[in-house]
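Now for the letters of each chain:
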Amino acid sequence: MPKAKTKEKQISMTWLFQYLRPVKGRLAILLIMLLVSTGLQLISPQIIKRFIDTAAAGGVLTTLIQLAGLFLIVAVLNQVITVAVSYLGNDVSWRATNRLRGDLLKHCLRLDMRFHNMKTPGEMIERVDGDVTSISNFFSMFIVQVIGSFVLLAGILGFMFTVNLPIAIVMTVFTLVSILFMVFIRDLGVAPSKDEREASASLFGLIEERIAGIEDVQANGNVPYVMNRFHQLMRAVFLKGRKAWMIRVIPWNTTVILFALAVTAVLLLGVHYYLIGQISLGTLFLIYQYTQMLNDPIEMLGDQVQEFQKAKSGMLRSRELLFHQSSIVDGEQEQLPKGALGLEFDKVSFSYNQDKPVLRNINFTVKPGERLGIIGRTGSGKSSLSRILLRLYNIDSGVIRVGGIDITSLKLPALYRRVGMVTQDVQLFDGSLRDNLTLFDASVSDDSILKTTEQLGLRKWIDAQPSGLDTHLTAGGSSLSAGEAQLFALTRVFLTKPSLVILDEPSSRLDAATETMLQIAVDQLMEECTGIIIAHRLATLEKADKILVLSDGEIIEFGVREELALRPNSHYARLLATGTEEELA
Ligand SMILES: Nc1ncnc2c1ncn2[C@@H]1O[C@H](COP(=O)(O)OP(=O)(O)OP(=O)(O)O)[C@@H](O)[C@H]1O
């Protein structure tokens, strides 16, 4: 078991260090500068020793002035290099971790909806940025401080062995004990730090969720509840953070105590050797100075053990996320057949959670260019049907074919390029009106945008915007009314010239006049593609070729619209006769 654990640790460190590979040139420069800086730090006490011994022996003033000047030059140079080292350390760590952030975000964007349904966006932000920042802090300091500390320790101890053997042995023993202790307990704080980060991710999740739903929170007088929940989560962050911190500071506290013991021993020995005349006053100062210098790298190593524990927990969480496989696997096929695409559902069953089937044994076919209207009561599974068609979820059994090809054997971009969907919710992104309509596709011309918006009745709204297509929109969609948002979403999809389009309640939020106008436009735009229209109102389906009626996840009727309308006992005909659209809603 411990062996397996060590292997796991090695794998995770190797995984992390791959992000340093592209910055290895900068790393090499950093290491050289570290060596120079350490060398300069070691030389300074030697200059002071010479100065004291020369002064004590009544040496010439010029030599003393030269030594003082040399000391000043070394000190300034060391400071310059220290600043450069710190800059380069941060530069290296940000470059490396930004790649990791990019990989995490890309991976998250590809993860399936089942995963995203279980995580709040705030939680994901913490994972893509918060966890990586702890790694980044560690990287920047680790390289500079850990490597620098080891070089400095080796230098100090090396010099001490040339000065006085017993004192050098005391210092070496102290250093080894301190380092061994830190190595021994380095993982102590990883688990509590992971708990701390998890609590913090939940807190961010709550804040993001409630701010995103601010209208509902305010309108329903939900603020006291949100605040109560907020305090509970804050308390968890505080308690877990405090515990993690207390465990993480153990190495630091221990080295402080060890250091106090070592300094006392070294000073007693030093004074003893000075009194019996074995070392000069300058050498005694040198010993004192080197003992003091020993404290810095050991303290830094202690700090880094703390950072390491935080970074390790961040690293474990990042790695866990990166290794989480999406259940939606890309297929091999790159292309769908040209022109309007047919659609076939062959014995398809689907559930969000294994225990509750949402769609059962769905069978139907839509030929290229046909229009299918889907009706059914709320919760009957209409939107779920469109979601599985776009592979937002995997189905439990059966096959869905688009253009005769099983969608699981298609590459996802090949599917998304040709199949468009207008949902009931429209998400706006921070960007210009043009970018929002074309979804940042620069190849779509303004002419084509304006023509489509004209057809769909959004042109008036665009012309009323202060800078037309260049108007800046903010994320969230608050600058559009619900009806305008629906027109917006339709424009967005038709600009991509889809070969199969799914319209989920395309006109539910429009007034009667706008709806009629929209109906004509959509009819025109759908002439070149296959259309699936999920509708609450029967009027929306007047131009549909086929009708599918869903009830509780099953097809209770499917057929040619005109035939169903003429068959008096059909579900569709009964709805038409009674005009009871409420039956659908
Ligand atoms: N993300 C989800 N996770 C779990 N269950 C879900 C999820 N989305 C929908 N459901 C459930 O699946 C069933 C079908 O929902 P669906 O949204 O497909 O219905 P619908 O016919 O489109 O309803 P509406 O007309 O209100 O849009 C419902 O019982 C719903 O509670």
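Described in the following lines is the structure provided in the data block. Keep in mind it's a predicted model, so treat the numbers as computed, not measured.

1. Some details on the overall build of the chain
So, point 1. When helices and strands are tallied, the chain shows 20 helices and 12 strands.
So, point 2. Since a compact globule built from 585 residues should have a radius of gyration of about 25 Å, the 35 Å found for the chain marks it as more spread out than a globular shape.
So, point 3. Taken along the three principal axes of its C-alpha coordinates, the chain extends 120 × 55 × 50 Å.
So, point 4. Across the 585 residues in the chain, those meeting the buried criterion constitute 45%.
So, point 5. Across the chain, the fraction of contacts at a sequence separation of at least 24, relative to all contacts at a separation of at least 6, is 78%.
So, point 6. With the model as given, the accessible surface of the chain reaches about 29,400 Å², and the carbon-plus-sulfur share is 60%.
So, point 7. On the chain, the mean spot of the 58 positive side-chain charges and the mean spot of the 58 negative ones are 8 Å from each other.

2. Considering the pairing of strand S1 (residues 343-353)
Walk down a regular strand and you will see the side chains alternate between the two sheet faces.
So, point 1. Pairing between S1 and strand S2 (residues 356-366): seven bridges, direction antiparallel. In the sheet register, phenylalanine 345 faces S2, and the bridge partner there is phenylalanine 364.
So, point 2. Here S1 runs beside strand S4 (residues 397-402); their pairing, made up of five bridges, is antiparallel. When the sheet's bridge partners are listed, glutamate 344 is paired in S4 with arginine 401.

3. Thoughts on the sheet that holds strand S12 (residues 554-560)
So, point 1. The strand order across the open sheet formed by six strands is S6-S9-S10-S3-S11-S12, and the pairing between neighbours is mixed. Edge positions in the sheet fall to strand S6 (419-422) and S12, since each has one partner strand and no second. Here the average twist between neighbouring strands, direction ignored, is 15 degrees.
So, point 2. For strand S3 (residues 371-376) and strand S10 (residues 530-534), the ladder comprises four bridges, and the chain directions are parallel. Looking at S10, one finds that arginine 371 is bridged to glycine 531.

4. Regarding the packing of aromatic side chains
Each pair of aromatic rings is reported with the distance of its centres and the angle of its planes.
So, point 1. On inspection of all chains with the given rule, the structure shows eight aromatic pairs.
So, point 2. Considering the side-chain rings of tryptophan 461 and phenylalanine 488, the 6.2 Å spacing of their centres and the 85 degrees angle between planes classify their relative orientation as edge-to-face. Note that tryptophan 461 is positioned in helix H16 (residues 459-463) and phenylalanine 488 in helix H17 (residues 482-495), a separation of 27 residues in sequence. Just as tryptophan 461 is buried, phenylalanine 488 falls in that class too.
So, point 3. A network of ring pairs unites the aromatic residues Phe345, Phe364 and Phe558 as a single cluster.

5. A closer look at the pattern of salt bridges
So, point 1. The full count for this structure, using the stated rule, is 15 salt bridges.
So, point 2. Of the charged contacts in the structure, one is a salt bridge between arginine 101 and aspartate 129, with a shortest N-O distance of 2.9 Å. Here aspartate 129 lies in helix H5 (residues 121-163) and arginine 101 lies in helix H3 (residues 61-110), a separation of 28 residues in the sequence.
So, point 3. Taking relative accessible area as the criterion, aspartate 129 reaches 38% and is therefore assigned partly exposed.
So, point 4. Notably, a salt bridge pairs arginine 401 with glutamate 344, separated by 3.2 Å at the nearest N-O pair. Note that arginine 401 is positioned in strand S4 and glutamate 344 in strand S1, a separation of 57 residues in sequence.
So, point 5. The structure contains a network of salt bridges with shared partners spanning Arg26, Asp91 and Arg95.

6. Observations regarding the packing of helix H2 (residues 24-56) against helix H11 (residues 281-322)
So, point 1. Running from amino to carboxyl end, H2 crosses H11 at an angle of 155 degrees, the nearest separation of the two axes being 8 Å. One way to sum up the angle between H2 and H11 is to call them roughly antiparallel. Crossing of H2 over H11 shows right-handed handedness. Counted together, Gln41, Leu42, Pro45, Gln46, Ile48, Lys49, Ile52 and Asp53 of H2 and Leu281, Gly282, Thr283, Phe285, Leu286, Gln289, Tyr290 and Met293 of H11 form the full contact between these two elements.
So, point 2. Classifying every residue of the contact of H2 with H11 by side-chain character gives nine nonpolar, five polar and two charged.

7. Considerations on the sheet that holds strand S5 (residues 405-406)
So, point 1. If you trace the four strands from one edge of the open sheet to the other, you get S2-S1-S4-S5, paired in antiparallel fashion. Unpaired on one side and paired on the other, S2 and S5 mark the two borders of the sheet.
So, point 2. Strand contacts of helix H12 (residues 382-389): S1, S2 and S4, with the helix running at about 110 degrees to S1, the strand carrying the most contacts.

8. Description of unusual backbone geometry
So, point 1. A positive phi angle, close to 50 degrees, is found at lysine 347, a residue other than glycine.
So, point 2. The residue lysine 347 is located in strand S1 in this model.
So, point 3. Of note, lysine 497 is a non-glycine position whose phi angle comes to about 50 degrees, a positive value.
So, point 4. Following the sequence through the fold, lysine 497 ends up in the loop between H17 and strand S9 (500-504).
So, point 5. Assessed through its relative accessible area of 65%, lysine 497 is described here as exposed.

The rules behind the values
- Residues numbered from 1 in each chain as written.
- Predicted model: local features only at pLDDT ≥ 70, side-chain atom pairs only at ≥ 80, totals over all residues.
- Heavy atoms only, no water.
- Helix = DSSP H or I, 4+ residues; strand = E, 2+ residues; numbered from the N terminus.
- Rg over C-alpha atoms; globule rule 2.2 N^0.38 Å.
- Buried < 20%, exposed > 50% of the residue type's maximum accessible area, 1.4 Å probe, protein only.
- Contact = heavy atoms within 4.5 Å.
- Areas by Shrake-Rupley, 256 points an atom, 1.4 Å probe, with all protein chains shown as cover.
- Lys, Arg positive; Asp, Glu negative; His and termini not counted.
- Charge placed at Lys NZ, Arg CZ, Asp CG, Glu CD.
- Pairing = 2+ DSSP bridges.
- Axes fitted to C-alpha atoms, helices over the stretch in contact; angles between N-to-C directions.
- Phe/Tyr/Trp six-rings, centres within 6.5 Å; stacked < 30°, edge-to-face > 60°.
- Salt bridge = Lys/Arg side-chain N within 4 Å of Asp/Glu carboxyl O.
- Parallel < 35°, antiparallel > 145°, perpendicular 65-115°, else oblique.
- Left-handed = near helix turned anticlockwise from the far one by under 90°.
- Nonpolar A, V, L, I, M, F, W, Y, C, P; charged D, E, K, R; others polar.

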